[in-house]
Amino acid sequence: LAGPLAKLVKPAVAAVGVVNPVLLWVLPPFVVYVIVLSLFKIIALVVHRKVDVYYKYKAGDLRLALWERLNARLGIGLGLLNGLAYLVLISMVIYPFNYWTVQMASPNGDPRIIRLFNQMGRDLQATGMARVARAIDPMPEVFYKAADLTGLLYQNPLLEARLSRYPAFLSLAEKPEFQAVANDKTLTEALLRKSPIRDLLKNPNVHAIVNNPGTLRLIWGLVLPDLSDLMHYLKEGTSAKYTEQILGRWYFDVNGAMAAYRQSKPNIPSSEMLKIRIAIASMYAKTSLVAAPDHEVFIKSFPKLKQQVGQPPTMELQTLIGHWKGKNGEYELSFGSSDVRNAKVEAGRLFVTGEGFTLVFTSED
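So, here is what we can say about the structure in this document. Computed from a predicted model, the values in this text were never measured in an experiment.

About the criteria used
Residues numbered from 1 in each chain as written. Predicted model: local features only at pLDDT ≥ 70, side-chain atom pairs only at ≥ 80, totals over all residues. Heavy atoms only, no water. Helix = DSSP H or I, 4+ residues; strand = E, 2+ residues; numbered from the N terminus. Rg over C-alpha atoms; globule rule 2.2 N^0.38 Å. Buried < 20%, exposed > 50% of the residue type's maximum accessible area, 1.4 Å probe, protein only. Contact = heavy atoms within 4.5 Å. Lys, Arg positive; Asp, Glu negative; His and termini not counted. Charge placed at Lys NZ, Arg CZ, Asp CG, Glu CD. Pairing = 2+ DSSP bridges. Axes fitted to C-alpha atoms, helices over the stretch in contact; angles between N-to-C directions. Polar contact = N/O pair within 3.5 Å; in protein donor to acceptor, adjacent residues only side chain to side chain. Parallel < 35°, antiparallel > 145°, perpendicular 65-115°, else oblique. Nonpolar A, V, L, I, M, F, W, Y, C, P; charged D, E, K, R; others polar. Phe/Tyr/Trp six-rings, centres within 6.5 Å; stacked < 30°, edge-to-face > 60°. Patch = residues over 30% accessible without salt bridge, like charges linked within 9 Å, V, L, I, M, F, W, Y side chains within 5 Å. Areas by Shrake-Rupley, 256 points an atom, 1.4 Å probe, with all protein chains shown as cover. Salt bridge = Lys/Arg side-chain N within 4 Å of Asp/Glu carboxyl O. Arc of directions from axis to C-beta. Left-handed = near helix turned anticlockwise from the far one by under 90°.

Once that is clear, we can look at the overall build of the protein chain. Helix and strand content of the protein chain: 16 helices and 8 strands. In terms of C-alpha radius of gyration, the protein chain reaches 32 Å, well past the compact-globule figure of 21 Å for 365 residues. Considered along the principal axes of its C-alpha atoms, the protein chain spans approximately 120 × 45 × 40 Å. Expressed as a percentage of its 365 residues, the buried residues of the protein chain come to 32%. Across the protein chain, every contact between residues at least 6 apart in sequence was considered, and the portion connecting residues at least 24 apart equals 58%. Counting 41 positive and 30 negative side-chain charges, the protein chain places the averaged centre of each group 8 Å from the other.

Take the sheet that holds strand β6 (residues 340-346) next. Read around the closed barrel, the 8 strands follow the order β1-β2-β3-β4-β5-β6-β7-β8; overall the barrel is antiparallel. Strand-to-strand twist of the sheet, defined as the mean angle between neighbouring strand axes without regard to direction, takes the value 30°. Strand direction decides the pairing type here: strand β3 (residues 296-306) and strand β4 (residues 314-327), joined by 9 bridges, are antiparallel. Residue pairing for β4: Val297 is matched across the bridge by Gly322. Contacts from helix α15 (residues 254-264) reach β1 (248-252), β7 (349-353) and β8 (359-363) within the one sheet, and its direction differs from that of β8 by about 145°.

Inspection of the secondary structure puts Asn203 in the loop between α11 (197-201) and α12 (204-210). At 2.9 Å, the side chain of Asn203 and the backbone nitrogen of Asn205 are in polar contact. Beyond its immediate sequence surroundings of up to four residues, Asn203 is in contact with Asp184 and Leu187.

Right, let's talk about the packing of helix α2 (residues 21-57) against helix α3 (residues 61-103) for a bit. The N-to-C vectors of α2 and α3 enclose an angle of 175°; their axes lie 14 Å apart at closest approach. Our classification of the angle between α2 and α3 gives roughly antiparallel. Residues Trp25, Val26, Tyr33, Leu37, Lys41, His48, Val51, Asp52, Tyr54, Tyr55 and Lys56 of α2 form the contact with α3, whose participating residues are Arg63, Leu64, Trp67, Asn71, Tyr86, Leu89 and Phe97. A class-by-class count of the residues in the contact of α2 with α3 yields 12 nonpolar, 2 polar and 4 charged.

Before going further, it helps to examine the packing of aromatic side chains. For any pair of aromatic rings, geometry is given as the distance between the ring centres together with the angle between the planes. Taken as a whole, this structure holds 17 aromatic pairs when the rule is applied. Aromatic pair Tyr95 and Tyr144: ring centres 6.0 Å apart, planes at 55°, arrangement tilted. One end of the pair, Tyr95, is in helix α3; the other, Tyr144, is in helix α6 (residues 141-155), and 49 residues separate them in sequence. A relative accessible area of 3% places Tyr144 in the buried class. With a centroid separation of 5.6 Å and an interplanar angle of 85°, the aromatic rings of Tyr166 and Tyr242 are classed as edge-to-face. Placement of Tyr166 in the loop between α7 (159-164) and α8 (170-173) and of Tyr242 in the loop between α14 (227-236) and β1 is noted, with a sequence separation of 76 residues between them. Neither Tyr166 nor Tyr242 differs from the other in exposure class; each is buried. Pairwise contacts between aromatic rings join Trp25, Tyr95, Phe97, Tyr99, Trp100, Phe117, Phe143 and Tyr144 into one cluster.

Okay, a nonpolar patch on the surface next. There is a patch of nonpolar side chains on the surface, built from Leu70, Leu74, Leu78, Leu81, Leu84 and Leu87 and spanning about 580 Å² of accessible area. Its place among the elements puts Leu87 in helix α3. Residue Leu87 is classed as partly exposed on the basis of its relative accessible area, which comes to 42%.

Take the environment of Leu45 next. Locating Leu45 in the fold gives a position in helix α2. Exposure remark for Leu45: the relative accessible area of 41% places this residue in the partly exposed category. Expressed as a C-alpha distance, the spacing of Leu45 and Ser270, which sit 225 residues apart in the sequence, is 98 Å.

On to helix α5 (residues 129-136), then. Among the residues of α5, those classed as buried are Met129, Ala130 and Ala133. All buried residues of α5 fall inside an arc of 105° around its axis, so they share one side. Looking at α5, the residues exposed on the side facing more than 90 degrees away from the buried face are Arg131 and Ala135. Of the surrounding elements, those touching the buried residues of α5 are α3 and α4 (112-127).

A few words on the packing of α3 against α4. Where α3 contacts α4, the axes come no closer than 9 Å and their chain directions differ by 115°. In terms of their interaxial angle, α3 and α4 are classed as roughly perpendicular. Considering the relative orientation of α3 and α4, their crossing is left-handed. Residues Ser91, Ile94, Tyr95, Phe97, Asn98, Thr101 and Val102 of α3 form the contact with α4, whose own contacting residues are Ile114, Phe117, Asn118, Met120, Gly121, Leu124 and Gln125. Taken together, the residues of the contact of α3 with α4 sort by class into 8 nonpolar, 6 polar and no charged.

So this is what it looks like as structure tokens:
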């Protein structure tokens, strides 16, 4: 009954202040299990006392002796079965948790409870009880795929860069909370040292995400449909699902832009070309473009001249947010009704035409 009734207890657990998703998943079934077990034991104790009183004081000595012999012999068998049931139940609980903790074991000293779980997991394997636990394990396959993904990232922290380039996460990576995680040097150093998970979770930026149910649902909604493809992408660097050429993170290419500019104006003097190159390099040095699978497109650090009355014009960097459409290398980028640009992917470069000259980007890969 622990599983079906857990959903009735979950609101009460959340009401007392539990927000951690792991605890919200683990505690309700455990609470239901303890309640149901306690009720059955209380009822059994009451029934046992009534039966005991009956045979001791009302049934006679012969029937009392027969009852005591039956109770003793049957009790041994039932006790062994009860112990076996608890052994299987405990193994079923240890196995899925251990599947996670072993893959995220830290060489720098895990908490005692994690080391205990890992030791129990090794004992399950040694005794063969792991096969029993897996045979009756109610956890879905996605639970173990998520553990494999988490373990792969934890044991190979350099894969974080490839993870940020996965197309499904491009829009997510533009959100402030994930930008804070990406720019946290303390967290990066802790990941490279493979610090224990509890230390990583104490990081303020990680803590803010883990304790935000809405953000976690958003992440899980992106990860769940693409688990297998994401694993393949992290290992091989290619995605079988996201094949549209524009998808990804692109950086401004000064040389490519100048080549396109010279092609449009072949007779421009070299001295003038040099001045334009210097101006473009200074203005677009930080410009980048991100195209996500949800058809969102961002041009970050895009320069714009700002004119104020009585003062010389100044340049400010802004982020253009719009949408893209098209396929097979030919696209249209829309940043509002008055700003529509054509884009084309050719030879590993993205050419964006519009106001002024052609913007040329190279892929992050």
